[in-house]
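Fold and contact review
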Amino acid sequence: MPLRPSAEPAVGFEQRLATAIARRIGERRFDLWFRDHTKFVHTGDSVVVGVPNLYFHDWLQKTFGPYVRAAAAEVLGDGVAVRFEIDPELFQAARRQQEEVPSAGLHEPAPEPAPASAKKPPAAKPQAAPGGRAPKTESRNPNRRRWRSLSEFVVGACNRVAYASAQSVVEEPGLGANPLVLYGPTGTGKTHLLEGIYVGLRKRNPEQKVAFVSAEGFMNRFVASLHRGTQPAFRKQYRECFALLMDDLTFLAGKKRATQVEFLHTFDAVVAEGRQVVVTCDCHPRLVEDLMPELVDRLLGGAVWGVLPPDPETRLALLRTKAAAAQPVIPDDVLEFLAKNLRGNVRELEGAVHSLRHFARVAARPVTKELAREAIGELLRHAARVVRLAEVDAAVCAALRLPAGSLKSKSKAWAVSHARMLAIYLARKHTSATYGEISTHFGNKTHSTAVAAEKRVRRWLEKDESVTAGDRSWKARDLVERIERELQQ
């Protein structure tokens, strides 16, 4: 509750009380938790300690309450009462300070608005903020993790829709796409987007509890709660949060059903209250094997957006961003050379920049294309890997669980013939083979068969049709994506 109007303070009262408290708890801890964050008011029969928010109220009262009372008794005499109350001016000052924090380069936020000088929590055993307001994270030392913001994310054609959806979640949590599912291969920026959502929500809603957890962390904590008999506390932790952000949902696939059921009920509880859920996974939810159908159905009820490997323009923008912060300078013609010849994910591009810089420093030579070829030659050779027809054949069979050699057989069954058409389409897309070479590989006499197969698959994709292949029916786009993921392995 807010402070009542105070009586005229005694001369030098605040300074004398501050000195007495600092003498008991130490100057460093006083500077960390009291100086510039509290206000001492003498009301005649009591001392009121003004604080900026509920976290300070509970933490200071619990940790330093006895010391403050002893200091007040020393300054004003025995019998004086001490109360901790939220001060409106301090509250507004803390709120303004949070709004002014730049979004780039953030460290993981403290459980509540914490002192600007607080580099780490007190030496006592780490604990969540009173009132359950601590953000749920995977790091044992929360202040060591660097959280990436959406302002740092490099936007391109490969991720533009996913980025826009992440922004809309920050601006209107729970009012738009809910859940929001971001999927794609490793190293394409899914976790960066999830962290950016976390940072944005925490900045806009500092008093709310935002839960950020990996699927593995969720499972481990759930199992631990079963062993300790603390399921109610576990459920309260995740079901009563303002927003639930889960990274790498694919991890739950194939795990014991109890964990998936627990997440399903948690998901339902959060969404039913109009609160936001965001998850990331390696592929479209339909393609995650061994995931409960009920859970897949819930995930498809919101927005599902893919995050693709970076295209050439995005690769160049990424490289420019990674190269801008350190020495030696990498000329733009070298960055264009790397963007053209490297086709990996974001981590590979970042690794190439680090390797190139290190090699240039060791060799004491300027960064040029020739130096780049010498420094990361192995990476460049790997990027130029040629996809062969046999690899496309094997990827289709593996994705659809068909016996090796099925696509070369004379079988007319849809399970095989449709798979063969998909293989022909992907062979045209990913290899340099001619129609004649493709037809020969898959047992056809003329190249016209391959032409017709490619056209048919294109129609499936354009009309978003379903197709029977292997042992089930699929959406054509989902199936092509699944095979291409297999081909990349």
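Our subject is the structure listed above.
Summarised in this report is the structure supplied together with it. (Residues numbered from 1 in each chain as written. Predicted model: local features only at pLDDT ≥ 70, side-chain atom pairs only at ≥ 80, totals over all residues. Heavy atoms only, no water.)

Brief notes about helix 7 (residues 215–228)
For helix 7, spanning 14 residues, the distance from its first C-alpha to its last is 20 Å, which sits close to the expected 20 Å at 1.5 Å a residue. Three or more residues of helix 7 are buried, namely Ala 215, Gly 217, Phe 218, Met 219, Phe 222 and Ser 225. Those residues of helix 7 that are buried are in contact with strand 5 (210–214), helix 8 (231–239), strand 6 (243–247) and helix 9 (257–272). The positive-phi residue at the C-terminal boundary of helix 7 is Gly 229, with phi of around 70°. (Helix = DSSP H or I, 4+ residues; strand = E, 2+ residues; numbered from the N terminus. Expected span 1.5 Å × (residues − 1). Buried < 20%, exposed > 50% of the residue type's maximum accessible area, 1.4 Å probe, protein only. Contact = heavy atoms within 4.5 Å.)

Here we look at the nonpolar core
Ranked by size, the top nonpolar core spans 66 residues in total, and within it Met 246, Leu 249, Phe 263 and Val 396 carry the most contacts. Residue contacts for Met 246: discarding those within four places in its chain leaves Leu 194, Val 213, Ser 214, Ala 215, Phe 218, Leu 252, Phe 263, Val 278, Val 279 and Thr 280. Counting residues in each nonpolar core, the second largest holds 26 residues, with Trp 59, Ala 72, Val 75 and Val 82 among its members. (Core = buried A, V, L, I, M, F, W, Y, C linked by side-chain atoms within 4.5 Å.)

Things to note about the packing of aromatic side chains
The tally for this structure, following the rule as stated, stands at 13 aromatic pairs. Between Tyr 198 and Phe 212, the ring centres sit 5.8 Å apart and the planes meet at 75°, which makes this aromatic pair edge-to-face. One end of the pair, Tyr 198, is in helix 6 (residues 190–204); the other, Phe 212, is in strand 5, with 14 residues separating them in the sequence. We note that Tyr 198, like Phe 212, is buried. Taking NZ or CZ as reference, Lys 255 lies 4.1 Å from the ring centre of Phe 251, over its face. Across the ring face of Trp 474, the terminal group of Arg 472 is positioned such that the distance to the ring centre comes to 4.0 Å. (Phe/Tyr/Trp six-rings, centres within 6.5 Å; stacked < 30°, edge-to-face > 60°. Lys NZ or Arg CZ within 6 Å of the ring centre and 35° of its normal.)

Considerations on a positive patch on the surface
Taken together, the side chains of Lys 455, Arg 456, Arg 459 and Lys 463 define a basic patch exposed on the protein surface. Counting through the fold element by element, Lys 455 comes out in helix 19 (residues 447–462). (Patch = residues over 30% accessible without salt bridge, like charges linked within 9 Å, V, L, I, M, F, W, Y side chains within 5 Å. Areas by Shrake-Rupley, 256 points an atom, 1.4 Å probe, with all protein chains shown as cover. Salt bridge = Lys/Arg side-chain N within 4 Å of Asp/Glu carboxyl O. Lys, Arg positive; Asp, Glu negative; His and termini not counted. Charge placed at Lys NZ, Arg CZ, Asp CG, Glu CD.)

Some words on the sheet that holds strand 7 (residues 276–281)
Read from one edge to the other, the open sheet built from five strands follows the order 5-6-7-4-8, with strand pairing classed as parallel. In the strand order of this sheet, the two ends are held by strand 5 and strand 8 (303–306), each with one partner. Taking each pair of neighbouring strands and ignoring which way they run, the sheet shows an average axis angle of 15°. By the bridge criterion, four bridges tie strand 4 (residues 180–183) to strand 8 in an arrangement that is parallel. What sits directly across from Leu 180, in strand 8, is Ala 303. Of the strands in this sheet, strand 4, strand 5, strand 6 and strand 7 are in contact with helix 6, which crosses strand 6 at around 160°. (Pairing = 2+ DSSP bridges. Axes fitted to C-alpha atoms, helices over the stretch in contact; angles between N-to-C directions.)

Considerations on the pattern of salt bridges
A side chain with one charge can pair with a side chain of the opposite charge if their charged atoms come near. Across all of its chains, the model carries 23 salt bridges by this definition. Note that Arg 239 is salt-bridged to Glu 262, the shortest N-O span being 2.9 Å. Of this pair, Arg 239 sits in helix 8 while Glu 262 is found in helix 9, placing the two residues 23 residues apart along the sequence. A residue is classified by how much of its surface remains accessible, and Arg 239, at 21% relative accessible area, is partly exposed. The exposure class of Glu 262 is buried, given its relative accessible area of 4%. In this structure, a network of salt bridges that share partners links the residues Arg 23, Arg 24 and Glu 74.

Focus: the pairing of strand 1 (residues 39–42)
Relative to strand 2 (residues 46–51), strand 1 runs antiparallel, the two being bridged by four bridges. Counterpart to Phe 40 in the pairing with strand 2 is Val 49. Between strand 1 and the antiparallel strand that follows it, strand 2, lie three residues; Gly 44 among them carries a positive phi value of about 105°.

Some words on the environment of Phe 442
Note that Phe 442 resides in the loop between helix 18 (435–441) and helix 19. For Phe 442, a relative accessible area of 1% gives the class buried. Placed 49 residues apart in sequence, Phe 442 and Asp 393 show a C-alpha to C-alpha distance of 8.7 Å. In contact with Phe 442, other than residues within four places in its own chain, are Asp 393, Leu 407, Lys 408, Arg 420, Ala 423 and Ile 424.

With respect to the side chain of Arg 202
Topologically, Arg 202 is positioned in helix 6. Here Arg 202 falls in the buried class, since its relative accessible area comes to 4%.

Re the sheet that holds strand 1
One open sheet holds the three strands; their spatial order is 1-2-3, and the pairing between them is mixed. Single-partner strands in this sheet number two, and they are strand 1 and strand 3 (81–86). The mean angle between the axes of side-by-side strands here comes to 25°, regardless of whether they run parallel or antiparallel. Examined bridge by bridge, strand 2 and strand 3 share six bridges and lie parallel to one another. The partner of Val 47 across the bridge, within strand 3, is Val 82. Along the sheet, helix 1 (residues 13–25) makes contact with strand 1 and strand 2, crossing strand 1 at roughly 120°.

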